[in-house]
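Analysis of the macromolecular model
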Amino acid sequence: MLRKLLILTLFLSSFLMRSQSLIWRTDINEAVAVSAEKRKPLLIFFTGQGAGQKLQNEVFSTPDFEEWSRKNVILVKLDLSDPSISEDVKEQNLRLKNAFGVEQIPQVCFTEVYVRKGKTSFNKLGLIADAQSGVKSWISESTQILNRE
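Nothing here was measured: the structure is a model prediction, and the numbers come from that model. (Residues numbered from 1 in each chain as written. Predicted model: local features only at pLDDT ≥ 70, side-chain atom pairs only at ≥ 80, totals over all residues. Heavy atoms only, no water.)

Once that is clear, we can look at the overall build of the protein chain. From N to C terminus, the protein chain includes 6 helices and 4 strands. Secondary structure elements in the protein chain, listed N-terminal to C-terminal, are α-α-β-α-α-β-α-β-β-α. Buried positions account for 36% of the 149 residues belonging to the protein chain. For the protein chain, the accessible area works out to roughly 9400 Å², and carbon and sulfur atoms hold 52% of it. (Helix = DSSP H or I, 4+ residues; strand = E, 2+ residues; numbered from the N terminus. Buried < 20%, exposed > 50% of the residue type's maximum accessible area, 1.4 Å probe, protein only. Areas by Shrake-Rupley, 256 points an atom, 1.4 Å probe, with all protein chains shown as cover.)

Time to look at the pattern of salt bridges. Per the stated rule, a full pass over the model turns up 5 salt bridges. Among the salt bridges present, the one from Glu30 reaches Arg25, with a minimum N-O distance of 3.4 Å. For Glu30, a relative accessible area of 41% puts it in the partly exposed group. A salt bridge links Lys90 to Glu87; its shortest N-O distance comes to 3.7 Å. In this pair, Lys90 and Glu87 are both assigned in helix α5 (residues 87-99), 3 residues apart and thus about one turn of the helix distant. When its relative accessible area of 21% is taken as the criterion, Lys90 is described as partly exposed. When its relative accessible area of 58% is taken as the criterion, Glu87 is described as exposed. (Salt bridge = Lys/Arg side-chain N within 4 Å of Asp/Glu carboxyl O.)

Time to look at the pairing of strand β4 (residues 119-128). For a regular strand, side chains alternate in direction, first toward one face of the sheet and then toward the other. Judged from the 9 bridges that link them, strand β3 (residues 107-116) and β4 form a sheet pairing that is antiparallel. Within the sheet, the bridge partner assigned to Phe110 lies in β4 and is Gly126. Counted between consecutive antiparallel strands, the loop separating β3 from β4 contains 2 residues, among which Lys117 sits at a positive phi close to 50°. (Pairing = 2+ DSSP bridges.)

So, about helix α6 (residues 135-147). Here α6 is 13 residues long and its end C-alpha atoms lie 18 Å apart, about the 18 Å a rise of 1.5 Å per residue gives. Of the surrounding elements, those touching the buried residues of α6 are β1 (42-47), α3 (54-60), α4 (63-72), β3 and β4. (Expected span 1.5 Å × (residues − 1). Contact = heavy atoms within 4.5 Å.)

Any two packed helices are characterised by the angle at which their axes cross and by the distance between the axes. Put simply, α4 and α6 touch, their axes get as near as 10 Å, and they point 15° apart. Comparing the axis directions of α4 and α6 gives the class roughly parallel. Read as a crossing pair, α4 and α6 show a hand that is right-handed. Contacts from Asp64, Phe65, Trp68 and Asn72 of α4 reach α6 at Val135, Lys136, Trp138, Ile139, Ser142, Thr143 and Leu146. Of the residues in the contact of α4 with α6, the class split is 6 nonpolar, 3 polar and 2 charged. (Axes fitted to C-alpha atoms, helices over the stretch in contact; angles between N-to-C directions. Parallel < 35°, antiparallel > 145°, perpendicular 65-115°, else oblique. Left-handed = near helix turned anticlockwise from the far one by under 90°. Nonpolar A, V, L, I, M, F, W, Y, C, P; charged D, E, K, R; others polar.)

Rendered as structure tokens:
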């Protein structure tokens, strides 16, 4: 019995550690550089103080999302109420929120990034809000957004 409990504990701890290994960038400029290098679109998660946690708890913390995101997108989290960021960065993040048409928080925007002659341009692919039907449905809807052309 003790052996089974030990094996179960090891399995669960490795599972939990794996799901915690997502890399969320908080600097849009760094994310743009990685996106251009890896040729993957950005998943920009706009959030803020008081924003619901459903999307984070039911989608972003799952192994399904981790596997899907590693293959498909560069993750960016822009917390619009983060007191540790400078006023310039806050203003930049608000301009991005408005430029992408994000009206509610939390919300995810998918965008392609192009850097030419030192200038960055974005091609908005789509927006998605929360996980009404669970992680698999959210991933399916996100995949459809990424594959529209």
